[in-house]
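# Topology and contacts: notes
Now for the letters of each chain:
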Amino acid sequence: MTTYNLDEPVPPLHVSEQLSDDDRLALLGYMIAAREFDNAMIRLYRQGRAFGGVYAQIGNEATAVGASYALDRTRDVIFPMHRDIGMHFVFGAPLDQLMLNFLARQGSQMRGTDGTGHYADPTLRIYGNISHLAAMMPVAAGYALAARMRNQEIVVLTTIGDGGSNVGEFHEAMNFAAVQKLPLIVIIENNQYAYSTPRELEYACRQLSDRAIGYGCPGVTIDGTDVELVFDTVRQYVEQARQGNGPALIETVTMRMRGHAEHDDFRYVPRELLAYWDKRDPLRRYEAFLLERGVVTSDALEQLHAETARQMTAAIDRALEQPYPPPEEAFRNVFV
Ligand SMILES: Cc1ncc(C[n+]2csc(CCOP(=O)(O)OP(=O)(O)O)c2C)c(N)n1
Ligand SMILES: [Mg+2]
């Protein structure tokens, strides 16, 4: 069992030379949107108004936002996981559509048959996850192959959990992508747990990016709570992939700061571990960095949070006015 030194100093954040202060404000805005979306969904779950799993991504904002911001949103595509709501915002998913999906209402892409982010929106180049861990990885690799066959310079980014990375399809997709030199960026979001299983019971390698050696592609492990570090790292491999150099495996180390989903009180997680990672909260760390650099004022920051929370509430109110699907909807698209 790993022990944690609570007094270990939090390292300074990486400063990207590729980002302007406008970019920094955009990253901040997306991270705040992700955090406030989670806060809103947690509240709705407590009120009995959100159904199914509410998978908070608190702790993962820097990875989701930094990684997707490193793509070209006019041509690249994402296959995000269940803790990547920040990616949906970066790729332009309208808040009203997200709320309709997450609150299982008619008029959503999932037509009210789902209460989480299993939708896809090809117009926005978002191909959401299905429930089965790693099942989308071969699909993501296939997308990259199809794009190359059509001479489109598209890079595909997909994410997988520390737990999901042990499923067979992960290996099949990585191997195929490496052999074919496909433009596929794979991020393993290592948030220390797969449901109640801690990472030391999930895998025996030193770090998950070491698996890249076996595939014959680059692999790197980085701090997943440092948004500009995530951005620079992903950007570098996106450029390489676009030049035909094949896939990359990036492990972003973070912490799942809530239970697996909101029904889970995560009492199996040592409190010291949460305290250790709380000091590394990606949003608070980035806010402190931006305040220190004078990119944002504390007043502006407060306003940004309040305005984002207000938009969430308004979108929720609009979504709650929409009906649930009629019962027949359950049988649509069921062929046998
Ligand atoms: C193939 C498969 N096995 C088991 C499950 C049940 N399941 C859903 S999420 C989850 C844990 C996932 O952990 P991880 O991949 O680390 O992602 P995290 O939730 O920590 O972000 C499990 C076991 C599933 N959906 N698919
Ligand atoms: Mg995990």
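Here, the structure is the one placed above.
The following refers to the structure shown. (Residues numbered from 1 in each chain as written. Chains lettered and ligands numbered in written order. Predicted model: local features only at pLDDT ≥ 70, side-chain atom pairs only at ≥ 80, totals over all residues. Heavy atoms only, no water.)

Attention now goes to the overall build of the chain. In terms of helices and strands, the chain carries 11 helices and 9 strands. Across the 336 residues in the chain, those meeting the buried criterion constitute 52%. Partitioning the intrachain contacts of the chain with sequence separation of at least 6 by distance along the chain shows that 74% fall at a separation of at least 24. Put simply, the chain shows about 14,900 Å² of open surface, and 53% of that area lies on carbon and sulfur atoms. Of the charged side chains in the chain, 31 are positive and 44 negative, and the gap between their average positions amounts to 3 Å. (Helix = DSSP H or I, 4+ residues; strand = E, 2+ residues; numbered from the N terminus. Buried < 20%, exposed > 50% of the residue type's maximum accessible area, 1.4 Å probe, protein only. Contact = heavy atoms within 4.5 Å. Areas by Shrake-Rupley, 256 points an atom, 1.4 Å probe, with all protein chains shown as cover. Lys, Arg positive; Asp, Glu negative; His and termini not counted. Charge placed at Lys NZ, Arg CZ, Asp CG, Glu CD.)

With respect to spatial proximity, 14 residues lie near ligand 1, and among them H82, R83, G163, G164 and Y193 are the closest. For ligand 1, a nitrogen atom lies 2.9 Å from a polar atom in the backbone of S131. Here an oxygen atom of ligand 1 sits 3.0 Å away from a polar atom, N or O, in the side chain of N191. For ligand 1, whose accessible area on its own is 590 Å², the fraction buried by protein is 71%. Here the shell around ligand 1 is built from residues that sort into 4 nonpolar, 8 polar and 2 charged. (Near = heavy atom within 4 Å. Polar contact = N/O pair within 3.5 Å; in protein donor to acceptor, adjacent residues only side chain to side chain. Nonpolar A, V, L, I, M, F, W, Y, C, P; charged D, E, K, R; others polar.)

Our next topic: the side chain of H260. Tracing the backbone through its elements, the reader meets H260 in the loop between β9 (248-253) and α9 (271-278). Given a relative accessible area of 15%, H260 falls into the buried group. In this structure, H260 is in contact with Y55, H82, R83, Y195 and Y268, ignoring residues within four places of it in sequence.

This paragraph deals with the packing of helix α10 (residues 282-292) against helix α11 (residues 298-320). The contact between α10 and α11 brings their axes to 10 Å, and the two run at 145°. The two elements α10 and α11 meet at a crossing, and its hand is right-handed. Touching L283, E287 and L291 of α10 are S298, L301 and H305, all from α11. (Axes fitted to C-alpha atoms, helices over the stretch in contact; angles between N-to-C directions. Left-handed = near helix turned anticlockwise from the far one by under 90°.)

Another point: α11. Note that an α-helix has 3.6 residues per turn; residues three or four places apart therefore point the same way. When the terminal C-alpha atoms of α11 are compared, their 33 Å separation across 23 residues agrees well with the 33 Å that a helix rising 1.5 Å per residue should span. Every buried residue belonging to α11 is among L301, T308, M312, A315, I316 and A319, and all of these are buried. The elements touched by buried residues of α11 are α1 (21-46), α3 (85-90), α4 (95-102) and α10. (Expected span 1.5 Å × (residues − 1).)

Geometric values such as these leave the question of function open.
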